[in-house]
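Breakdown of the fold
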Amino acid sequence: MKFIRLKAVTRKEFYHLIRDYRSLYLAFAIPLLLIILFGYALSLDVDNVETVFVDYDKSELSRDFIRKLDASPYFRVSALLPASKDAVDFLDHDRAKLAIVIPPDFKKSIGADREIQLQIIIDGSDPSFGNIVRGYISAFVERYNQKMLIHFLNRQGQERIHPPVDGRVRIWFNEDMESRNFIIPGLIAVIIMIVGAILTSLIIVREYENGTMETIKSMPVQAGEFLLGKAIPYFFIGLTDLLIAVLLGQLLFGIVMKGNFGLLMVAASLYLSVALSLGILISNVTKSQMLANQMAILTTYLPSLLLSNFVFPIINMPKFLQMITLVVPARYFIDILSGIYLKNLGIAYLWPSMLVLLLMFIVLTFLNYKMLKKEGL
Amino acid sequence: MSWLRIRELVRKEFIQLFNDKRNRAMIMIMPFIMMFVFGYVVNYDIKNVRMAVLDYSKTPESRSLIKSFEGNNIFHVTHVVANEKHMTELLLRQKIDVGIKIGHDFASVMREGRTAPVQFLVDGSMSNMTSVRVAYIASILDRFNREELRKLYPVDMSYGKLDARVRTWYNPNLDSQYFFVPGIVAFLIMLTSFILTSIAIIREKEDGTMEQLIVTPLKSYEFIIGKTIPYIIIALCQLFAVTAVAVYWFEIPFKGSFVLLLIAACLFLLSNLGIGLFISTISSTKQQAMMTAFFFILPFFMLSGFVFPIANMPEIVQWLTYLNPLRFFLVIIRDIFLKGVGMDVMWPQYLALSILGIIVFTGAIMRFKKRLD
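Model, not experiment: these values are computed from the prediction.

1. Quick notes on the overall build of chain B
Counting its regular elements, chain B contains 15 helices and 5 strands. Relative to the globule expectation of 21 Å for 373 residues, the C-alpha radius of gyration of chain B, 29 Å, shows a markedly less compact shape. Put simply, 79% of the contacts in chain B that link residues at least 6 apart link residues at least 24 apart.

2. Digging into the overall build of chain A
A count of helices and strands for chain A gives 15 helices and 5 strands. Relative to the 2.2 N^0.38 estimate, which gives 21 Å for 377 residues, the radius of gyration of chain A is 29 Å and therefore markedly larger than a compact globule would have. With the principal axes as the frame, chain A shows a C-alpha extent of 95 × 45 × 40 Å. Residues classed as buried in chain A amount to 46% of the 377 residues present. Within chain A, contacts between residues separated by at least 24 positions form 79% of all contacts whose residues are at least 6 apart in sequence.

3. Quick word on the nonpolar core
Within the largest apolar cluster, 222 residues are counted, with the highest numbers of intra-cluster contacts made by A:Leu187, A:Ala189, A:Ile192, A:Tyr271, A:Phe333 and B:Phe329. Per-element tally for this core: the top contributor is helix 8 (residues 176-207) of chain B, with 19 residues. In this view, A:Ile192 contacts A:Gly238, A:Asp241, A:Leu242, A:Ala268, A:Tyr271, A:Leu272 and A:Ala275; residues no more than four positions away in its chain are not counted.

4. A word on the sheet that holds strand 3 (residues 98-102) of chain A
Here we have 5 strands laid out as an open sheet, ordered 2(A)-1(A)-3(A)-4(A)-5(B), and mixed in their pairing. Only two strands of the sheet have a single partner each, and these edge strands are strand 2 (75-81) of chain A together with strand 5 (162-169) of chain B. Taking each pair of neighbouring strands and ignoring which way they run, the sheet shows an average axis angle of 25°. For strand 1 (residues 49-55) of chain A and strand 3 of chain A, the ladder comprises 5 bridges, and the chain directions are parallel. Bridged to A:Val52 within strand 3 of chain A is A:Ala99. Lying on the sheet, helix 4 (residues 84-92) of chain A is in contact with strand 1, strand 2, strand 3 and strand 4 (116-123) of chain A together with strand 5 of chain B; it crosses strand 3 of chain A at an angle near 175°. With respect to the sheet, helix 6 (residues 127-156) of chain A is in contact with strand 1, strand 3 and strand 4 of chain A together with strand 5 of chain B, its orientation differing from that of strand 5 of chain B by roughly 175°.

5. Quick word on the sheet that holds strand 3 (residues 98-102) of chain B
Two strands in a sheet stick together by hydrogen bonds in their backbones, pointing the same way (parallel) or opposite ways (antiparallel). Spatially, 5(A)-4(B)-3(B)-1(B)-2(B) is the arrangement adopted by the 5 strands of the open sheet, whose pairing is mixed. Two strands close off the open sheet at either side, each with one partner strand: strand 5 (165-172) of chain A together with strand 2 (75-80) of chain B. Strand-to-strand, the axes of this sheet are offset by a mean angle of 25°, without reference to chain direction. As paired strands, strand 1 (residues 49-55) of chain B and strand 2 of chain B are joined by 5 bridges and run parallel to one another. Counterpart to B:Met51 in the pairing with strand 2 of chain B is B:Val77. Here helix 7 (residues 127-152) of chain B sits on the sheet in contact with strand 5 of chain A together with strand 1, strand 3 and strand 4 (116-123) of chain B, set at roughly 170° to strand 5 of chain A.

6. Looking at helix 7 of chain B
For helix 7 of chain B, which comprises 26 residues, the first-to-last C-alpha distance of 37 Å matches the rise-based estimate of 38 Å (1.5 Å per residue) to within 8%. Where burial is concerned, most of helix 7 of chain B is hidden: 20 out of the 26 residues are buried.

7. A look at the pairing of strand 3 of chain B
Residues and elements named next belong to chain B. Here strand 3 lies mainly inside the structure; 5 of its 5 residues are buried. In terms of strand pairing, strand 1 meets strand 3 through 5 bridges, oriented parallel. Bridge pairing in strand 3 places Met-51 opposite Val-98.

8. Remarks on the confidence of the model for chain B
Residues and elements named next belong to chain B. Summing up the model confidence of chain B, the mean pLDDT is 85 and the portion of residues at 70 or higher is 98%. In the model of chain B, helix 2 (residues 21-28) stands out as the element of lowest mean pLDDT, 74, in contrast to strand 1, which has the highest, 92. Interface confidence in the predicted complex, given as ipTM, is 0.77; pTM for the same model is 0.82.

9. Notes on the interface of chain B and chain A
Counting residues at the interface gives 93 residues for chain B and 93 residues for chain A. With 20 residues, the top contributor of residues to the side of chain B that touches chain A is helix 7 of chain B. Along the lines of polarity and charge, the residues of the side of chain B that touches chain A split into 55 nonpolar, 21 polar and 17 charged. Pairing between strand 4 of chain A and strand 5 of chain B: 8 bridges, direction parallel. In the sheet register, A:Ile121 faces strand 5 of chain B, and the bridge partner there is B:Arg167.

Rules used throughout
Residues numbered from 1 in each chain as written. Chains lettered and ligands numbered in written order. Predicted model: local features only at pLDDT ≥ 70, side-chain atom pairs only at ≥ 80, totals over all residues. Helix = DSSP H or I, 4+ residues; strand = E, 2+ residues; numbered from the N terminus. Rg over C-alpha atoms; globule rule 2.2 N^0.38 Å. Contact = placed C-beta atoms within 7 Å. Buried ≥ 20, exposed ≤ 12 C-beta atoms within 10 Å, placed from the backbone. Core = buried A, V, L, I, M, F, W, Y, C linked by C-beta atoms within 7 Å. Pairing = 2+ DSSP bridges. Axes fitted to C-alpha atoms, helices over the stretch in contact; angles between N-to-C directions. Expected span 1.5 Å × (residues − 1). pLDDT = per-residue confidence, 0-100. Nonpolar A, V, L, I, M, F, W, Y, C, P; charged D, E, K, R; others polar.

Dropping the structure here:
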């Protein structure tokens, strides 16, 4: 391998890159757009659920129940309606997500120590939302019942009664429970994949389409120099994007990395190398730019988005999809990212994922090298 | 306007489209791949929560607490650990989602009638999943408390208790696929109409056949009509196909009227084709067109309520989503599938789609004509 030839290939590739403004635009604008969108606009957390009440009882007790619910950060009572059919209307028109009907003998039943039915209707069309709301409202009712029971027992006996068990829940890793704290780090994996694989998927096929591959073959450049030289400019773009993502996450959205930045750089370089070699492999096997682009989107971008634990939990997928995720590089990098960002883990915990990435890199590079050799480079 | 000229252009377009093996694959196979992958990937059901137990108390009381967690199909005790270090380790290595620690004096404190603390360690990385898990922990504990109180105070326990009859409408089992699969139908139509239309026009530019078309008697509006009709037909065929997959493979109920869906799809296509035309005017190669389409698709997808609820977005962004045709079409397609409501409920969405469609389409045509002339 000769440095001067490597430098020449790198320079040529670099010129290609800066002269194609649209690719550069993709390389920097899409990461920016994604980070701003996800950091600012997109959240999976649920609070202030729009709730409507139909209060047939209109007693002190029922009003107190409504007030208690409204005071909870999870619900917001937006209307008190006269009849159940109005509540149905609100749900149908998507003006409320939760409707609660308090029956006429609410106070009387509770006063007489009788069980009373409470009608609760959740808009379940969005199941993740519906699940969360159901969890919240069940917990709220259970808590209310427990209070009622203790109240009842206190009336029966003389001594003060305490609930036997108190749950002290501690949330680890994402103490503020903000979805952006795991989405933004995960986004780094998606962005690097877009830049690394989609852009590089064109770099060799372009030579074939333009007919310049023959020229390159006739030159003294070797396969290894050619590969490395082609990849270097994209490697730097990838690292720049990583820095942009880390900085924007921290400055705009206050997402602080708990772990070691140096370790992140090492892991990111490894992952970036995998992405680049994957892109080059696509470029090697396809013979048209259109096809290369589509293959790159299908085999790199979509899996990094969908099959990587980014926002869609792998554990809920069917077994065969879980098996497929094992060969998705982003899955391992997101593991590392969440380890570094949220959990402050060191190499002692992260080495298995890094090893997998390293193996992927070695295999892909070997394939690329073989293919270029076969082409006669 | 000559129908003959338009018909011939449409025919040429179809021949060109289906002669290319890769195009055929993209039109006929891609939608199904996307449908199956998306249909199975997006699943936020709360189940199989892995739990580790650290029980220092080892009493009937502590065992009964653990049992109350095992009694439902949400939590599964996967590990029984002997010390805190082991539990932390499991949490760090993502082997468990929740850890429960019961102290030495758990039972004795309870028997004295005081409150015994129980510690829970919860992995909060995916906060949306975590908040539901925490809510379920709270409900299970409260239920356990009531049962224990009942054991401790053997008196008549009929008290004014709320019996919550929770029903989830439109999607009674909170099945993730019910929500996402109709959404994919909408997304796929957007994808193909964006990309195919823009490429159809770019192709003429790139191959140099645009000049030939210009010297033919073909008028510019005939050109636009002839170039868009094939993609309307393809998009509607895809609509049929993927709706059939949704109904027969994923078994999503289809409660509303198909005619209404078809009308909505046509309105939706209007703005999509407009955007496709627009992309073709600002790109000069297929490559650029693909990238530009990609750049458009991202925000349309993210800000549509497909995965990320619009209600969670900041106010300004919520206003912005009103410019997104996909947002309205998603509401319509989900309402038709799951709620089966009619025009009386959905007319604002239809109106919005029409307005957006007309503005975008005429705008794109005007820009396109200027380019052409």
